[in-house]
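# Architecture at a glance
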Amino acid sequence: MTQLPLRAQLASALGRSAATLSRMTGRGDGSVIGGRVGLLLEPDLLRQLARDRKLALVSATNGKTTTTRLITSALLELGEVATNAFGANMPAGHVSALSQHKSAPYGVLEVDEKYLPEVLATTGAGVVCLMNLSRDQMDRAAEIWLLAQKWRKALSGKPTHVIANCDDPLVTWGASTAAKVTWVAGGQRWKEDSWCCPECGGPLDRKDADWACRECTFHRPEPQWVVDDDSAIDPRGQRWLLDIQLPGQANRSNAVMALAVAEAFGLPVDRALPRLREVTSVAGRYTTVEREGRHARLLLAKNPAGWLEAFDVADPQLPIILSVNAQGPDGRDTSWLWDVDYRILRGRPVFVTGERRLDLALRLDVADVPFTLCGTFSEALAMQPPGRVDVIANYTAFQQIRSEFGRAV
Ligand SMILES: [Zn+2]
């Protein structure tokens with residue numbers, strides 16, 4: 001690897017010191033502040049740190065932190081990997097990740113959907129992995145269409161190899177200007193944002209997994225990889241039982257995306273898959289916290305599509321605690337609660353807490369889902385019989401539970 005220019009070396013080193021200082025003074029893991037300091041001193045730092053490395057960028061509305069982790073785990077089979085494991089997914093976080101592993105020949109970077117064009121242009125990453133696009137707390141359908149259009153422009157004319165989920169029409173459209181695309185039939189649970197053709201606005205006809213526009217030629221491409229229940233089918237037609245530890249269909253889909261990315265790096269399935277099976281939790285997700293014999297499994301859900309994925313993972317035999325906040329990272333507007341179909345929760349004991357518990361309570365009441373309102377998460381947990389319980393929480397509610405109950409088991 002070629003040496004960084006002196007200014008970049010200095011910026012990178014000062015950034016790392018700032019990060020250490022931030023950690024020592026208890027202000028978080030320091031990755032954002034360190035990167036910001038570095039970029040302030042050398043605005044070209046990200047490009048310089050990315051040079052001469054083999055990079056994968058991972059973007060989506062949901063599952064990017066988990067998929068980044070799975071790809072990183074796989075590529076460790078090849079050598080050292082730099083990654084932003086804690087979800088600091090804007091350029092400052094990328095600078096920090098790369099400068100902490102200066103000699104790593106590989107990098108796997110989670111990238112905020114809006115920053116993907118900029119980060120791709122700056123880093124010249126060889127591989128981009130795109131999984132799904134749906135409305136988030138702040139985004140609505142028109143905004144995610146604009147986002148996909150920016151992806152198209154960013155990928156057009158570049159040699160980047162894109163790995164994309166062809167079951168999501170908007171992702172397919174966003175990826176299809178790339179020179180080389182490997183299509184993965186990764187499934188799509190949330191379909192509310194893709195009833196219209198992104199190319200012409202006409203209606204999309206769906207039949208099983210297949211989809212096509214009724215009014216133009218835009219249609220689902222033929223996938224090379226297929227997620228089939230608990231297995232992956234590779235481009236040669238070979239079936240692999242995934243047997244990963246992360247729960248739910250969304251994670252099996254993330255795992256197959258990771259296998260396709262690993263293969264783009266020259267790593268075959270038989271070497272990548274055992275590495276994916278080593279991943280048990282990602283930044284506290286899916287871990288269990290315990291108090292007085294109650295074992296609460298934490299599921300993070302930040303938007304409507306995320307809630308559907310969490311419902312898929314939650315055990316229908318268990319009680320469930322739902323916690324919704326509306327602080328900065330959650331979005332102040334909780335109107336998205338009305339987009340989710342809660343009827344699947346009928347018949348199980350449901351407990352509702354969090355700052356916006358009354359908003360959620362009203363929504364459940366309209367859906368005819370009986371529930372118990374609780375002042376705090378501790379109170380909700382204390383109401384459970386000893387044993388297991390599932391918890392679905394949005395971002396700050398999830399972080400509050402983690403900090404109150406200590407780093408998860
Ligand atoms: Zn069309």
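Preceding this paragraph is the structure being described.
The sections below set out a description of the structure shown in this document. Just so it is clear, the structure is predicted and the values come from calculations on it, not from any experiment. (Residues numbered from 1 in each chain as written. Predicted model: local features only at pLDDT ≥ 70, side-chain atom pairs only at ≥ 80, totals over all residues. Heavy atoms only, no water.)

### A word on the overall build of the protein chain
Helices and strands together make up the secondary structure of the protein chain, namely 14 helices and 17 strands. On C-alpha atoms alone, the protein chain measures out to a radius of gyration of 21 Å, which is about the 22 Å that the 2.2 N^0.38 rule sets for 409 residues. Projected onto its principal axes, the C-alpha coordinates of the protein chain cover approximately 60 × 60 × 40 Å. For the protein chain, restricting intrachain contacts to residue pairs at least 6 apart in sequence, the fraction spanning at least 24 positions comes to 66%. A total accessible area of about 17,500 Å² is found for the protein chain, and carbon and sulfur atoms account for 52% of it. For the protein chain, the centre of its 47 positive side-chain charges and the centre of its 47 negative side-chain charges are spaced 5 Å apart. (Helix = DSSP H or I, 4+ residues; strand = E, 2+ residues; numbered from the N terminus. Rg over C-alpha atoms; globule rule 2.2 N^0.38 Å. Contact = heavy atoms within 4.5 Å. Areas by Shrake-Rupley, 256 points an atom, 1.4 Å probe, with all protein chains shown as cover. Lys, Arg positive; Asp, Glu negative; His and termini not counted. Charge placed at Lys NZ, Arg CZ, Asp CG, Glu CD.)

### Digging into the coordination of the zinc ion
Tetrahedral coordination by four donors places them ideally at 109.5 degrees to one another around the metal; octahedral coordination by six donors ideally gives 90 or 180 degrees. For the zinc ion, every protein donor is listed as C197 (SG), C200 (SG), C213 (SG) and C216 (SG), and the spread of their distances is 2.2 to 2.4 Å. Considering all four donor atoms around the zinc ion, the spread of angles at the metal, 100 to 113°, places the coordination shape in the tetrahedral class. Here the donor residues of the zinc ion are spaced in sequence according to C-x2-C-x12-C-x2-C. You can see C200 sitting in the loop between β6 (180-185) and β7 (204-207) and its partner C213 sitting in strand β8 (residues 210-213), a full 13 residues away along the chain. On the basis of relative accessible area, C200 is assigned to the partly exposed category, the value being 38%. Residue class for C213 comes out buried when judged on its relative accessible area of 9%. (Donors = N, O, S within 2.8 Å, 3.2 Å for Na, K, Ca; no water. Tetrahedral: all angles 85-135°; square planar, octahedral: opposite > 155°, others 65-115°. Buried < 20%, exposed > 50% of the residue type's maximum accessible area, 1.4 Å probe, protein only.)

### A short note on the environment of T67
Among the secondary structure elements, T67 is positioned in helix α4 (residues 64-75). In this structure T67 comes out as buried when scored by relative accessible area, which is 0%. Ignoring any residue separated from it by four or fewer positions in sequence, one finds T67 in contact with V58, C129, M131, N254 and M257.

### Details of the packing of aromatic side chains
Going through the model one piece at a time under the given rule, you end up with eight aromatic pairs. Taken together, a centroid distance of 5.1 Å and an interplanar angle of 45° make the contact between W211 and F218 tilted. Ring-pair connections join several aromatic residues into one group, and the members of that group are W307, F311, W336 and Y342. (Phe/Tyr/Trp six-rings, centres within 6.5 Å; stacked < 30°, edge-to-face > 60°.)

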